[in-house]
Amino acid sequence: MEKNVSIETEIITLGQFLKLADVIQSGGMAKWFLSEHDVFVNGEQDQRRGRKLSVGDRIEIPSVGNFVISR
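Worth saying up front: this structure is predicted, and the values here are computed from it rather than measured. (Residues numbered from 1 in each chain as written. Predicted model: local features only at pLDDT ≥ 70, side-chain atom pairs only at ≥ 80, totals over all residues. Heavy atoms only, no water.)

Next up on the list: the sheet that holds strand 7 (residues 65–70). The strand order across the open sheet built from 5 strands is 1-7-6-3-4, with neighbouring strands paired in mixed fashion. The two strands at the open ends of the sheet, each matched to only one other strand, are strand 1 (2–6) and strand 4 (44–45). Where strand 1 and strand 7 come together, 5 bridges link them in parallel fashion. Bridging from a neighbouring strand, V5 pairs with I69 of strand 7. (Pairing = 2+ DSSP bridges. Helix = DSSP H or I, 4+ residues; strand = E, 2+ residues; numbered from the N terminus.)

As a further point, take the pattern of salt bridges. Scanning all chains against the criterion turns up 4 salt bridges. Residues R48 and D46 are paired through a salt bridge, measuring 2.8 Å at the closest nitrogen-oxygen approach. Note that D46 and R51 form a salt bridge whose closest N and O atoms lie 2.6 Å from each other. The two residues D46 and R51 agree in class, both being buried. Connected through salt bridges with shared partners, the residues D46, R48 and R51 form a single ionic network. (Salt bridge = Lys/Arg side-chain N within 4 Å of Asp/Glu carboxyl O. Buried < 20%, exposed > 50% of the residue type's maximum accessible area, 1.4 Å probe, protein only.)

Below you can see the structure in the form of structure tokens.
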């Protein structure tokens, strides 16, 4: 089941998303989390914490969950 994560801006970075979705506790954990876990953005693996996400993007993190960016 996908969880909707609502943003108020046009874009958000992958690192900010991880914190907003309660996947990590602080923004400083993003680099570590991305180096230790597979993260797929719209079906493509991506480990860049600065990756820009916008409404409609789908994020899949095996063993954590599936997420959709919404407004």
